Amino acid sequence: MPNNALPILYSFRRCPYAMRARLALAVSQTRCELREVVLRDKPAELLQASAKGTVPVLVLSDAGVIEHSLDIMLWALRRNDPQQWLAPATGTIQDMLELISQCDGPFKQRLDRYKYPERYPGIDPIEHRSLAEPFLRQLDQRLSGSPYLFGSHAALADRAIAPFVRQFAHTDKEWFAAQPWPALQAWLAGFLDSALFERVMQKYPAWRAGDPGVLFPPSPGNT
Ligand SMILES: N[C@@H](CCC(=O)N[C@@H](CS)C(=O)NCC(=O)O)C(=O)O
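None of the values given here were measured: they were computed from a predicted structure.

Side chains Ile8 and Tyr10 of strand E1 (residues 8-11) all project onto a buried face; the interleaved residues Leu9 and Ser11 project onto the opposite face, where all are buried too. In this sheet, strand E3 (residues 57-59) lies alongside E1 in antiparallel orientation, the contact comprising three bridges. Looking at E3, one finds that Leu9 is bridged to Leu58.

If a probe as big as a water molecule is rolled over the atoms, it shows which places are left empty. By volume, the largest pocket is sized at about 580 Å³. Along the walls of the largest pocket sit 25 residues, with Arg14, Cys15, Pro16, Tyr17 and Gln167 positioned nearest its centre. Elements with a minimum of two residues in the lining of the largest pocket: helix H1 (16-27), helix H3 (69-79), helix H4 (93-115) and helix H6 (156-171). Per-element tally for the lining of the largest pocket: the top contributor is H4, with four residues.

What follows concerns the environment of Val200. You can see Val200 is positioned in helix H9 (residues 195-200). With a relative accessible area of 1%, Val200 lands in the buried category. As for Val200 and Pro218, which are separated by 18 residues in sequence, their C-alpha atoms are 8.2 Å apart.

To continue, consider the pattern of salt bridges. It is possible for side chains bearing opposite charge to pair when their charged atoms get close. For the coordinates displayed, the defined rule picks out five salt bridges. When the shortest N-O distance is used, the salt bridge between Arg35 and Glu33 registers 2.8 Å. Across the pair Arg137 and Glu133 runs a salt bridge whose closest N-O atoms are separated by 3.5 Å. Placement of the pair is Arg137 and Glu133 together in helix H5 (residues 125-145), with a separation of four residues, close to one helical turn. Among the residues examined, Glu133 registers a relative accessible area of 17% and is labelled buried.

Moving on, we come to the side chain of Arg159. With respect to the element layout, Arg159 can be found in helix H6. The side chain of Arg159 is buried and forms no salt bridge, while Asp158, the nearest opposite charge, is found at 6.1 Å. In contact with Arg159, other than residues within four places in its own chain, are Arg20, Leu23, Met73, Trp85, Ala154, Phe191 and Leu196.

A few words now on the packing of H5 against H6. Two elements in contact, H5 and H6, have axes whose closest approach is 12 Å; the angle formed by their N-to-C orientations is 135°. In terms of their interaxial angle, H5 and H6 are classed as oblique. Between H5 and H6 lies a crossing of left-handed hand. Facing H5, whose interface residues are Arg129, Ala132, Phe135, Leu136 and Leu139, H6 presents Ile161, Val165 and Phe168.

Taking 1.5 Å of rise per residue, the 16 residues of H6 would be expected to cover 22 Å, and the 24 Å separating its terminal C-alpha atoms lies within 8% of that figure. The largest bend along H6 measures about 35° and falls at Ala162, with the proline Pro163 one to four residues further on. Counting buried positions over the 16 residues of H6 gives 14, a clear majority of the element.

What counts, and at which threshold
- Residues numbered from 1 in each chain as written.
- Predicted model: local features only at pLDDT ≥ 70, side-chain atom pairs only at ≥ 80, totals over all residues.
- Heavy atoms only, no water.
- Buried < 20%, exposed > 50% of the residue type's maximum accessible area, 1.4 Å probe, protein only.
- Helix = DSSP H or I, 4+ residues; strand = E, 2+ residues; numbered from the N terminus.
- Pairing = 2+ DSSP bridges.
- 1 Å grid on protein atoms, 1.4 Å probe; cavity = no way out; pocket = protein on both sides within 12 Å on 5 of 7 lines; lining within 4 Å.
- Points joined across faces, edges and corners; volume = space filled by probe spheres on them.
- Salt bridge = Lys/Arg side-chain N within 4 Å of Asp/Glu carboxyl O.
- Lys, Arg positive; Asp, Glu negative; His and termini not counted.
- Contact = heavy atoms within 4.5 Å.
- Axes fitted to C-alpha atoms, helices over the stretch in contact; angles between N-to-C directions.
- Parallel < 35°, antiparallel > 145°, perpendicular 65-115°, else oblique.
- Left-handed = near helix turned anticlockwise from the far one by under 90°.
- Expected span 1.5 Å × (residues − 1).
- Bend = angle between axes of the 7 residues up to and from the residue.

Written out as structure tokens, the structure reads:
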């Protein structure tokens, strides 16, 4: 049963922002109580902690609240960064944040219009898929020179961006597989096959007030 002194993570399994937060919390071995949220029925406790109503949200044991996924990643990794996600093999944290901001800004905007055209009356999803291609080509070019975006080991940028590339690829798997982006395809496949990804993608029942919540991250091998 989770301990009350643990931070509380409001999460949604399939949300790419929540995924990146869980990746950093898991790799940094930051124990939390995970509360799985149903987005159309958000618990009052989440909205009290963070009125903006998005996930992920991390409520710290001193009642501080971290409301954005990248800030949760940075908070967790600054406390414990055993795989050196904040120390890329090439480039700087600033360079990684710049690439992540291209993902979170223009790329995400196009991804939403490609994946969820019904939310944007009158738009052409294929046009938005095309507009998203330069970002993916840029990633493929970086990855053709090194196995990860910033050199020889996975770092913040890889883990922050991969959940969004996954979402893009899964919108039309055949189309994605047919693109001339071999390095990007291999990088995504490696991420999806990783033990870390499996660890952060376990399924949990929706949390209801009074439930104990679940301990996160799960023990390695406990999948
Ligand atoms: N800037 C936020 C964005 C998070 C976000 O937009 N999450 C989506 C789910 S993927 C959400 O909670 N949307 C609210 C809703 O659908 O009601 C972050 O980085 O955490």
